[in-house]
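Summary of structural features
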Amino acid sequence: MDFAGAYSPDNLAFLLDGFLVTLKIAAISIVLSFLIGGLIGILRYAKIPVVSAVLAVVVETIRNLPLILIIFFVYFGLQDPKVGLEMSISTAAITALTIFESAMLSEIIRGGLNSIPKGQIEAARSSGMSYIQTLWHIILPQALRNMVPPIVSQFISLLKDTSLAVIIALPELTHHGQVIYAQNINYVWPVLILIALMYFVVNYGLSIVARRLEVRKQ
């Protein structure tokens, strides 16, 4: 194992560039999936006829598919000449991650909303509040406190899942690591160890946040 060669300034800078791409893709996907997943979760909670049923089928279908298959479908399937869509590798990765994580987050959000006792809803409605007012002022604030820890945990999974986009050559951390140790077989272990540490530092930091939020909730 050649640690000195693997950790040359150029290689470290190259890995850092890939890690920044990983963080960027993860950050954009987190924001989009939270917004879309939140909307889907609220719509399913509201039990709107037809809409809720259709969303339930879509969400359950996506949740039971492997993420790598969704990445393939978005990047190769949607860019089929018959479909006519064109997107960059980064856009395809963000789209696939957003689709998958939105489905996962929608279930977390719906579960959080369902955890609020029905008596509070009835009390708010009997006091003259509309359904929207009850949802916004009574249900959501309490549900968010219950949802934060599992949502943060899901964000950790999303960050790790960005590595699956290496299959479509997204220039993220894992991809850049492969480029480096493809030059020299003695770089494999040093590079993999460093990549693991970089993922660990960020994800462990997020897990600490999730645990502290869980303690505060209690």
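Our structure's up above, just so we're on the same page.
Remember, predicted model here, so these are calculated numbers, not experimental data. Throughout this document, residue positions are counted from 1 along each chain, in the order its sequence is written. Restriction of local features to residues with pLDDT of at least 70 applies here, the model being predicted, together with a cutoff of 80 or more for giving and counting side-chain atom pairs; totals for whole chains, interfaces and linings are based on all residues. Remark: hydrogens and water are excluded; side-chain values derive from all non-hydrogen atoms of the structure.

As for the overall build of the protein chain
When helices and strands are counted, the protein chain shows nine helices and zero strands. Helix and strand definitions follow DSSP, with helices as H or I runs of at least four residues and strands as E runs of at least two, each counted in order from the N terminus. Going from N to C terminus, the protein chain has its helices and strands arranged as α-α-α-α-α-α-α-α-α. Principal-axis analysis of the C-alpha atoms places the extent of the protein chain at approximately 70 × 50 × 20 Å. The 218 residues of the protein chain split such that 38% are buried. Contacts between residues were defined by any pair of non-hydrogen atoms, one from each residue, lying within 4.5 Å. Pairs at least 24 residues apart make up 76% of the contacts formed inside the protein chain by residues separated by at least 6 positions. Each accessible area value is a Shrake-Rupley result obtained with a 1.4 Å probe; residue values ignore everything except the protein chains displayed when judging cover. As displayed, the protein chain has an accessible area near 11,800 Å², and 69% of this comes from carbon and sulfur atoms. For the purpose of charge, His is not counted, nor are the chain termini; Lys and Arg are scored as positive and Asp and Glu as negative. Positions of charges follow a simple convention, taking NZ of Lys, CZ of Arg, CG of Asp or CD of Glu. When the 14 basic and 12 acidic side-chain charges of the protein chain are each reduced to a single mean position, those positions are 16 Å apart. A 1.4 Å probe rolled over the protein chains alone gives each residue an accessible area, and that area as a share of the maximum for its type sets the label: buried under 20%, exposed over 50%, partly exposed in between.

A short note on the nonpolar core
One finds Ile-70, Val-74, Ala-92 and Ile-168 to be the most contacted residues of the largest nonpolar core, which totals 21 residues. Where this core is concerned, the elements lending two or more residues are helix H2 (9-46), helix H3 (51-63), helix H4 (67-77) and helix H5 (89-114). In terms of residue count, the dominant contributor to this core is H5 (seven residues). If sequence neighbours within four positions are ignored, Ile-70 has contacts with Ile-62, Leu-65, Ala-96, Ile-99 and Phe-100. What is meant by a nonpolar core is a set of buried Ala, Val, Leu, Ile, Met, Phe, Trp, Tyr and Cys residues, joined one to another through side-chain atoms within 4.5 Å. Within the second largest apolar cluster, 14 residues are counted, among which are Leu-105, Ile-108, Ile-109 and Ile-116.

Let's talk about the pattern of salt bridges
We count a salt bridge whenever a side-chain nitrogen from Lys or Arg sits within 4 Å of a carboxyl oxygen from Asp or Glu. All chains considered together, the criterion is met by three salt bridges. With a closest N to O distance of 2.4 Å, Arg-44 and Glu-107 form a salt bridge. Remark: Glu-107 occurs in helix H5 and Arg-44 occurs in helix H2; sequence separation between them is 63 residues. In terms of burial, Arg-44 and Glu-107 fall into one category: buried.

A short note on the side chain of Thr-98
Along the polypeptide, Thr-98 turns up in helix H5. The exposure class of Thr-98 is buried, given its relative accessible area of 7%. A distance of 2.7 Å separates a polar side-chain atom of Thr-98 from the backbone oxygen of Ile-94. With sequence-adjacent residues up to four places away left out, Thr-98 is seen in contact with Ser-29, Leu-32, Ser-33 and Ile-36. Here a polar contact means two N or O atoms within 3.5 Å. Within protein one must be a hydrogen donor candidate and the other an acceptor candidate, and residues neighboring in sequence count only if both atoms are side-chain atoms.

Focus: unusual backbone geometry
With phi around 70°, Val-50 is a residue other than glycine that occupies positive phi space. Relative to the helices and strands, Val-50 resides in the loop between H2 and H3. Val-50 gets classed as exposed once you look at its relative accessible area, which sits at 62%. Positive phi values are uncommon outside glycine, yet Ala-169 reaches one of about 65°. One can find Ala-169 in the loop between helix H7 (131-161) and helix H8 (173-181).

Overview of the packing of aromatic side chains
Pairing of aromatic rings covers Phe, Tyr and the six-membered ring of Trp, with a centre-to-centre limit of 6.5 Å; geometry is then stacked below 30 degrees between planes, edge-to-face above 60, and tilted otherwise. One pass over the full model with this rule turns up five aromatic pairs. A centroid spacing of 5.7 Å and a plane angle of 70° characterise the contact between Phe-3 and Tyr-7, whose relative ring orientation is edge-to-face. Owing to a relative accessible area of 34%, Phe-3 belongs among the partly exposed residues under this scheme. With relative accessibility at 27%, the residue Tyr-7 sits in the partly exposed group. With a centroid separation of 5.2 Å and 10° between ring planes, the pair formed by Phe-200 and Tyr-204 is classed as stacked. With Phe-200 and Tyr-204 both in helix H9 (residues 188-217) and four residues apart, the pair spans about one turn of that helix. An aromatic cluster of three or more residues is present, and its members are Phe-72, Tyr-75 and Phe-76.

A word on the side chain of Glu-101
Along the chain, Glu-101 turns up in helix H5. For the buried Glu-101, which has no salt bridge, the nearest side chain bearing the opposite charge is Arg-63, at an N-O separation of 9.6 Å. Side chain to side chain, Glu-101 and Gln-154 meet in a polar contact 2.6 Å long. Look past the residues within four positions of Glu-101 in its chain and what remains in contact with it is Ser-33, Gln-154, Leu-158 and Asp-161.

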